[in-house]
Every structure is written in C-alpha cells, then in structure tokens.
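# Close look at the chain arrangement
Below are the chains, spelled out letter by letter.
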Amino acid sequence: MKLIEALEQLNNGKSIAEVAAMAGINKKDLERKLANAAIEFDQEENEYKYKGIAPEESLSRDVKSKIVVLLADKPFVKKKQENRTPINVEEDFDLEYKMFKDYLKVDHSLLTEKKTFFLTEKMYNTIKNLSIEKSFKINALVNVLLQRGLEYYKVDLKEKDG
C-alpha cells in the first residue's frame, strides 16, 4: 500500500487502525509515517491532507517501508506532539516488562537468609506457577512483588534495627 492509497482510505471514512491493519503495520507506526510524510488531519475540513510540496515523490512511497522526512517536506513536518494522537502512558505501560526488569535488579545474594511467612494455598500456587512460567527464582519474585506492592501503597522500606 502506498501513502497515497492510505490517504485516500483515511479520507473515505476508514479509521487509522483499519488502514494500518490493511497495510499490515500497527496504528502508531502509521501515524508516525503519515507525520513524516507531511500528512496531517485538517480539523476544519475534517480530512487528511498532504501539506508538502512534492506529492509525487512523497506519496508514492510504500507504507511498509521506512518513511523518512524528505528534504522537500521538512518545513511542513511538525515534530511536536500536537501532530499525533496523545498516548496514554498508563495504558501502554507494560507491567510484565517492568516486573522482569525489577527482577533482574534484585541482588540474589541478599536473599540467602531464611525467613518464614505464610501464604494462602491459592496465593502460593499462583506465585509458584508465575515463577515457573517466567523462569524466576521464587524468593526473588516474591521480593519484587512485595516491593512493588509497598511502593504502590507508599510504605517506606525499613532497615533492620540494631
């Protein structure tokens, strides 16, 4: 699919998500590629428009290929956030990835001392299955989960007394 075809589809009532699916790319990539090709949504006319001065060169590029800002289009490309739909950071935040990164930061040498606390059978099985599924050591995983929970509830970690 060429950029000109994507532009036509968008102006014929298709959403960005639908056009992105037709092109075989994700929605954010399509938004970025449209912005790099000096294609913007015109609020007044309620349609997408090419704002540059080299439509033959710019709009003939394939949507699946890398779309860099052409020299002719550079003055018309807005690199500011107003040109793109805002991204909800909380919605796109990958908690599993964050947990994995936190797990990697845990100093396993500090977890050698045996401590005892009790969990319900259901909670224990959930944590055990998660540690097996993600190839995590269970004591480090529990450490990360507790730390995340304490941070969420804004409970300060206390150092060992005396």
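The model shown is predicted, which means the values in this text are computed figures rather than measured ones.

### A short note on the packing of helix H1 (residues 3–11) against helix H2 (residues 16–23)
At a minimum axis distance of 9 Å, the contact between H1 and H2 shows a crossing angle of 145 degrees. The hand of the H1/H2 crossing is right-handed. Contacts between H1 and H2 involve Ala6, Gln9 and Leu10 from the former and Ile16, Val19 and Met22 from the latter. Among the residues forming the contact of H1 with H2, the class breakdown is five nonpolar, one polar and no charged.

### Concerning a nonpolar patch on the surface
A cluster of nonpolar side chains, Phe117, Leu119, Met123, Tyr124, Ile138 and Leu146, forms an exposed patch at the surface whose accessible area comes to about 550 Å². Sorting the residues of the nonpolar patch by element identifies helix H7 (121–133) and helix H8 (138–152) as the ones contributing at least two each. Following the sequence through the fold, Met123 ends up in helix H7. Taking the relative accessible area as the measure of exposure, Met123 reaches 43% and is therefore partly exposed.

### Some details on the packing of helix H6 (residues 95–105) against H8
It is the contact of H6 with H8, at a shortest axis distance of 9 Å, that shows an interaxial angle of 120 degrees. Considering their axes alone, H6 and H8 lie oblique with respect to each other. Seen from above, H6 lies across H8 with right-handed handedness. Residue-level inspection shows Lys98, Met99, Asp102 and Tyr103 of H6 in contact with H8, the latter providing Ala140, Leu141, Val144, Leu145 and Arg148. Each residue belonging to the contact of H6 with H8 can be placed in one class, and the counts come to six nonpolar, no polar and three charged.

The rules behind these values
Residues numbered from 1 in each chain as written. Predicted model: local features only at pLDDT ≥ 70, side-chain atom pairs only at ≥ 80, totals over all residues. Heavy atoms only, no water. Axes fitted to C-alpha atoms, helices over the stretch in contact; angles between N-to-C directions. Helix = DSSP H or I, 4+ residues; strand = E, 2+ residues; numbered from the N terminus. Left-handed = near helix turned anticlockwise from the far one by under 90°. Contact = heavy atoms within 4.5 Å. Nonpolar A, V, L, I, M, F, W, Y, C, P; charged D, E, K, R; others polar. Patch = residues over 30% accessible without salt bridge, like charges linked within 9 Å, V, L, I, M, F, W, Y side chains within 5 Å. Areas by Shrake-Rupley, 256 points an atom, 1.4 Å probe, with all protein chains shown as cover. Salt bridge = Lys/Arg side-chain N within 4 Å of Asp/Glu carboxyl O. Buried < 20%, exposed > 50% of the residue type's maximum accessible area, 1.4 Å probe, protein only. Parallel < 35°, antiparallel > 145°, perpendicular 65-115°, else oblique.

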